Amino acid sequence: QNAIYISSRHLSKITKIDYETKEIVWTMGFNQADIFSIDNSFSDFHPTYSDGSNASFSFQHGLQVLDNGNIITLDNGNLSNLTWNQSSVNRSRIIEISIDELNNSAEVIWEYILPEELYGRLSGNAQKLYNGNYFVTVVSDGATSLEVSPSKEVVWECKYNLETGEGPI
């Protein structure tokens, strides 16, 4: 696509930049300035679900751009109680986002919400594998990797049983 994609974890933003012109094509994500009532138009849009409800991500890790232009990321979910309201506690999830550049919008077309004990607030990664499954690693519960099918079945799980405190590995 002759573009650079930047995932800014602490801003909860993903940005697409045209490689030749160096112009920002779009920016999407959660507008954290809203929490503090700060006027900020930094995001062009945020992902929604098919019913139009909010599905924005927060403190994401990893960014994979698929051949069809969809994006895979690990929504660490540090603000998930504010961004997608699935739970009163923060949760992590793998998401596949479809981008509609003509309408400046995005939709979460697939997600897998990790079990509560796998909330990975500090680190991790997600990607779509060649076989169509999704792979995720989070540093929680001793560090865990999962392969998840499109029908949301766990194909396999690996617990690393690391005795370190939470943090990057």
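All chains use their own residue numbering, which begins from 1 and follows the written sequence. A pLDDT threshold of at least 70 governs which residues receive local features in this predicted model, and a stricter bar of 80 or more applies before side-chain atom pairs are shown or counted, although totals over entire chains, interfaces and linings include all residues. Derived side-chain values reflect all non-hydrogen atoms in the structure, with water molecules and hydrogen atoms excluded from consideration.

### Brief notes about a nonpolar patch on the surface
(1) Moving on: Residues forming no salt bridge and having over 30% relative accessible area are the ones grouped into patches, like charges within 9 Å of each other and nonpolar side chains (Val, Leu, Ile, Met, Phe, Trp, Tyr) within 5 Å. Only the protein chains shown count as covering a residue, and every accessible area follows the Shrake-Rupley method with a 1.4 Å probe. Only one rule defines a salt bridge in this text: a Lys or Arg side-chain nitrogen within 4 Å of an Asp or Glu carboxyl oxygen. Judged by side-chain polarity, I4, I6 and Y19 come together as a nonpolar surface patch covering roughly 260 Å² of accessible area.
(2) Moving on: Numbering of helices and strands runs from the N terminus, with a helix taken as a DSSP run of H or I at least four residues long and a strand as a DSSP run of E at least two residues long. With respect to the element layout, I6 can be found in strand β1 (residues 3-8).

### A word on the sheet that holds β1
(1) Moving on: Only strands that DSSP links by at least two bridges are regarded as paired with each other. Within the open sheet, the three strands sit side by side as β1-β2-β3. Their pairing is antiparallel. The open sheet is flanked by β1 and β3 (24-29), the only strands paired with a single partner. Strand-to-strand, the axes of this sheet are offset by a mean angle of 15 degrees, without reference to chain direction.
(2) Moving on: Where β1 meets strand β2 (residues 13-18), six bridges bridge the pair, whose relative direction is antiparallel. Looking at the pairing, S8 lines up with K13 of β2. Every axis corresponds to a line fitted to the C-alpha atoms, with the helix fit spanning only the stretch in contact, and the corresponding angles, defined between N-to-C directions, vary from 0 to 180 degrees.

### Let's talk about the environment of S7
(1) Moving on: Position of S7 relative to the elements: it lies in strand β1.
(2) Moving on: On the basis of relative accessible area, S7 is assigned to the partly exposed category, the value being 28%.
(3) Moving on: As for S7 and Q64, which are separated by 57 residues in sequence, their C-alpha atoms are 10.0 Å apart.
(4) Moving on: Residues contacting S7, with those up to four places away along its chain left out, are K13, I14, Q60, G62 and L63.
(5) Moving on: Under this definition, polar contacts are N or O atom pairs within 3.5 Å; protein pairs additionally need one hydrogen-donor-capable and one acceptor-capable atom, and for neighbouring residues in sequence, both atoms have to be side-chain atoms. There is a polar contact of 3.0 Å between the side chain of S7 and the side chain of Q60. Relative accessibility under 20% of the residue-type maximum defines a buried residue, over 50% an exposed one, and the middle range a partly exposed one, all with a 1.4 Å probe and only protein chains included. Residues are treated as being in contact if the distance between any of their heavy atoms lies within 4.5 Å.

### Section: the confidence of the model for the protein chain
(1) Moving on: Per-residue confidence for the protein chain averages 86 on the pLDDT scale, and 88% of its residues sit at or above 70.
(2) Moving on: Residue-level confidence of the predictor is what pLDDT reports, using numbers from 0 through 100. Mean pLDDT across the elements of the protein chain bottoms out in helix α1 (residues 80-83) (76) and peaks in strand β10 (residues 144-148) (96).

### What to know about unusual backbone geometry
(1) Moving on: Positive phi, normally seen in glycine, also occurs at K22, with a value near 65 degrees.
(2) Moving on: Residue A143 is not a glycine yet carries a positive backbone phi of 80 degrees.
(3) Moving on: With respect to the helices and strands, the residue A143 is situated in the loop between β9 (134-138) and β10.
(4) Moving on: Owing to a relative accessible area of 5%, A143 belongs among the buried residues under this scheme.

### Digging into the sheet that holds strand β11 (residues 154-159)
(1) Moving on: Spatial strand order, β8-β9-β10-β11: four strands in an open sheet with antiparallel pairing. Two strands close off the open sheet at either side, each with one partner strand: β8 (124-128) and β11. Pairs of neighbouring strands in the sheet enclose a mean axial angle of 10 degrees, with direction left out of account.
(2) Moving on: Strand direction decides the pairing type here: β9 and β10, joined by five bridges, are antiparallel. For T137, the partnering residue across the bridge sits in β10 and is S145.

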